[in-house]
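The chain contents come next:
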Amino acid sequence: MSNEYRARSSRHERRLSRRARKDFDIVEATADKVTENLGELEGQNRERISRHTTVSRESSGLSVTAVVIQAVVSLLLGLSFYAFPFWNQLATPLQSQNLYSGLAMQHGLVPFNDFYGTGGTLFYVLNWLGNFAGSTLILWILEVVALFISGIITFQLVFNQTKSQNAATIISNFTLIIVAGLARGGDAPTLFALPFALWAVKFLNDYFREESTDRGFIRFGMAGAVTLVISPIMTMFFVFSAIALLIYNVSHRRFWHGFYQMLAVILGISVIGYSVAYYALNQQTLYTSIEQSVLIPLTHFGPTDSLLLTIAKALVLTLIFGIVTGFVQGSSK
């Protein structure tokens, strides 16, 4: 009986061993198949990323020559900015106030409390950073960089519309000349806020062409918040953009998209807003900054110089963009 039991036990062990080998073979085959699929997916992702990068480069139209041209034009136009140390003495009283606000902050003065300010909080922080070492040279570099970025984004916008590098180069250079001329010596809130506003224009252009997703509205909200704390008056563009998006989502019945966009924008605004609010609360300038840079310009009897200048910039840039684009497109036919 013991022999029969041992034989039966041996057969049972062999069956278990065969089942185990079979299960192992199935698992191994499944693992090989999963690995193969993962390899195919990884290859597809690499191909998609490569294709997306290529499309992005082609859609931007940027080349080394275009970047060099924008840099040279920005540098030459930047020589007209009074932040360049050699021209400080030629600045008008208003320009001098903006130029030396950073120097005053280096000596412990607080904007909006110790001196009147029409720009946003971040504008005066940039002036403070630009006045290290007792010179406005760093501030001048920041102004040239802001002008250069504005030119690059304008180039991309025009190229997306015309698919012509010549048109993009001509219009972006015209835009830089007008912006530099209307900047009143360079140290103006609108000059520093312009790159963020132009980026928002580019983002909306990409979104309506279905080249961007709703998650990008986090960056859109951040751009709007940065514009607000640099040049509050320029946030009117983001207000009009919100109205346009509302009309677009309602007309296309994209209600959940609109809700998600609103949440994303609020998150983007919060990221910047909390940081600036912390600085303003620490310096006790929260109310005075809102009063001097937002409430007074909007409630003052009659439009202020800053509002008129902003309107003039918008009109001139719109006219130049339309006229030069039409001229270049007409001449290329």
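Preceding this paragraph is the structure being described.
In this report, we go over the structure that sits alongside the text.

Conventions used here
Residues numbered from 1 in each chain as written. Predicted model: local features only at pLDDT ≥ 70, side-chain atom pairs only at ≥ 80, totals over all residues. Heavy atoms only, no water. Helix = DSSP H or I, 4+ residues; strand = E, 2+ residues; numbered from the N terminus. Salt bridge = Lys/Arg side-chain N within 4 Å of Asp/Glu carboxyl O. Buried < 20%, exposed > 50% of the residue type's maximum accessible area, 1.4 Å probe, protein only. Patch = residues over 30% accessible without salt bridge, like charges linked within 9 Å, V, L, I, M, F, W, Y side chains within 5 Å. Areas by Shrake-Rupley, 256 points an atom, 1.4 Å probe, with all protein chains shown as cover. Core = buried A, V, L, I, M, F, W, Y, C linked by side-chain atoms within 4.5 Å. Phe/Tyr/Trp six-rings, centres within 6.5 Å; stacked < 30°, edge-to-face > 60°.

1. Some words on the environment of A183
With respect to the helices, strands and loops of the structure, A183 is situated in the loop between α7 (165–182) and α8 (189–208). C-alpha separation for the pair A183 and F81, spaced 102 residues apart in sequence, amounts to 8.4 Å.

2. Some points on the pattern of salt bridges
A full pass over the atoms with the stated rule returns one salt bridge. Between D206 and K202 there is a salt bridge, with the nearest N and O atoms lying 3.1 Å from each other. Taken together, the positions of D206 and K202, both in helix α8 and four residues apart, correspond to about one turn of that helix.

3. Considerations on the environment of V271
You can see V271 is positioned in helix α11 (residues 255–283). Residue classification places V271 among the partly exposed residues on the basis of a relative accessible area of 43%. Distance in space between the C-alpha atoms of V271 and A225 is 8.7 Å, their sequence separation being 46 residues.

4. Observations concerning a nonpolar patch on the surface
Residues V64, V68, V72, L76 and L79 make up a contiguous nonpolar surface patch of roughly 460 Å² in combined accessible area. Assignment of secondary structure puts L79 in the loop between α2 (64–78) and α3 (93–99).

5. Here we look at the environment of I177
Tracing the backbone shows I177 in helix α7. C-alpha separation for the pair I177 and G151, spaced 26 residues apart in sequence, amounts to 9.8 Å.

6. Some remarks on the nonpolar core
Among the nonpolar cores identified, the biggest contains 38 residues, and F81, L147, F192 and I230 are the most heavily contacted of them. When residues in this core are grouped by element, the largest group, seven residues, is from helix α6 (residues 137–162). Formed by 11 residues, the second largest nonpolar core is a distinct cluster that contains A200, A223, L245 and V265.

7. Describing the packing of aromatic side chains
In the structure shown here, the tally under the stated rule is 17 aromatic pairs. Taking 5.0 Å as the distance between ring centres and 70 degrees as the angle between the ring planes, the aromatic pair formed by F123 and Y124 counts as edge-to-face. Under the relative-accessibility criterion, F123 is labelled buried at 0%. Taken together, a centroid distance of 4.9 Å and an interplanar angle of 70 degrees make the contact between F208 and Y248 edge-to-face. In this pair, F208 sits in helix α8 while Y248 sits in helix α10 (residues 236–251), placing the two residues 40 residues apart along the sequence. An aromatic cluster of at least three residues, connected via ring pairs, comprises W199, F203, Y207, F208, F217, F220, F237, F238 and Y248.

In short, the description is geometric, and any link to function would need to be established separately.
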